[in-house]
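# Chain and residue survey
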Amino acid sequence: LTQGMEVESDGRQQGKKIVRKPYVVNEMEYEASLPEKKSNTLSRDLIDYVRYMIQNHGENYKEMARDEKNYYQDTPKQIKRKINVYKNFYPDEYKDFIASLKQEKMDVQ
């Protein structure tokens, strides 16, 4: 042990730290106490992607995974998860969308 190292523990209680900038600690504690912000929107890209997939493939996730517009190369499970996220974020919009698709099919026939 060199002299310099002994100076560090000059009999002070260990574990007790000197806070030189308490305002920094206070600020960080305040930020940590805030509730996490949940964004309540999905990206337009994701919405368009999910709608395109449902419109063209219904609930056939394997077909969706093979679709050329599957730029993200998502697996069927990942696509299903994205669709479920969309359903949970916009339940009304999703219902209207599905209803409009059914209407379109009836108009075509």
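All residue numbers refer to position in the chain's written sequence, counted from 1. The model is predicted, so local features are restricted to residues of pLDDT at least 70 and side-chain atom pairs to those at 80 or more, both for listing and for counting; the totals for chains, interfaces and linings are taken over all residues. Where side-chain values are given, they derive from all heavy atoms of the structure, hydrogens and water being excluded.

Which entries qualify depends on this criterion: UniProt positions are given in the numbering used here, feature names are shortened, and annotations may be inferred rather than shown by experiment.
The name an unreviewed UniProt entry assigns to the chain is Nucleolar protein 16, from the organism Ardeotis kori. UniProt annotates the chain under Sequence similarities (unreviewed entry) with the comment "Belongs to the NOP16 family." UniProt lists a comment for the chain under the heading Subcellular location (unreviewed entry), and it reads "Nucleus, Nucleolus".

## Topic: the pattern of salt bridges
As a reminder of what qualifies: By definition here, a salt bridge exists when the distance from a side-chain nitrogen of Lys or Arg to a carboxyl oxygen of Asp or Glu is within 4 Å. The helix count covers DSSP runs of H or I at least four residues long, the strand count covers runs of E at least two residues long, and both are numbered beginning at the N terminus.
On inspection of all chains with the given rule, the structure shows three salt bridges. The closest approach of N and O atoms between Glu93 and Arg51, which form a salt bridge, is 3.7 Å. One end of the pair, Glu93, is in helix H6 (residues 91-108); the other, Arg51, is in helix H3 (residues 44-57), with 42 residues separating them in the sequence. Asp74 is the salt-bridge partner of Lys82, the closest N and O atoms lying 2.7 Å from each other.

## Some thoughts on the nonpolar core
Keep this limit in mind: Joining through side-chain atoms within 4.5 Å is the link that ties buried Ala, Val, Leu, Ile, Met, Phe, Trp, Tyr and Cys residues into a set, and such a set is a nonpolar core. Only protein chains enter the accessibility calculation, which uses a 1.4 Å probe; a residue is then buried when its area is under 20% of its type maximum, exposed when over 50%, and partly exposed in between. Residues are treated as being in contact if the distance between any of their heavy atoms lies within 4.5 Å.
If you look at the biggest cluster of nonpolar residues, it comprises 17 residues, and the most contacted ones within it are Val50, Ile54, Ile83 and Tyr86. Mapped by element, the contributors of at least two residues to this core are H3, helix H4 (61-66), helix H5 (76-89) and H6. Sort the elements by how many residues they give to this core and H3 lands first, with six residues. Excluding residues that lie within four positions of it along the chain, Ile83 makes contacts with Val50, Ile54, Tyr61 and Met64.

## Some points on the packing of aromatic side chains
How we decide: Each Phe, Tyr or Trp ring (for Trp, its six-membered ring) is paired with any other whose centre lies within 6.5 Å, and the angle between the two planes then decides the class: stacked below 30 degrees, edge-to-face above 60, tilted in between. Think of it as a cone above the ring: NZ of Lys or CZ of Arg counts as a charge over the ring if it is within 6 Å of the ring centre and within 35 degrees of the ring normal.
Applying the stated criterion across every chain, the model contains four aromatic pairs. On the numbers, 5.9 Å between centres and 55 degrees between planes, the contact of Tyr86 with Tyr90 is tilted. Like Tyr90, Tyr86 is buried. Here the aromatic rings of Phe89 and Tyr90 are separated by 6.2 Å at their centres, their planes lie at 45 degrees, and the arrangement is tilted. Assessed through its relative accessible area of 19%, Tyr90 is described here as buried. Over the ring of Tyr72 we find Lys82, and its NZ or CZ is 4.1 Å from the ring centre.

## Here's the deal with helix H2 (residues 22-33)
Quick reminder: α-helices carry 3.6 residues per turn. Residues three or four places apart thus point the same way. Heads up, the rule is: The span expected for a helix works out to 1.5 Å for each residue beyond the first.
Here H2 spans 16 Å end to end across 12 residues, near enough to the 16 Å set by a 1.5 Å rise per residue. Within H2, only zero of the 12 residues are buried, which leaves it mostly out in the open.

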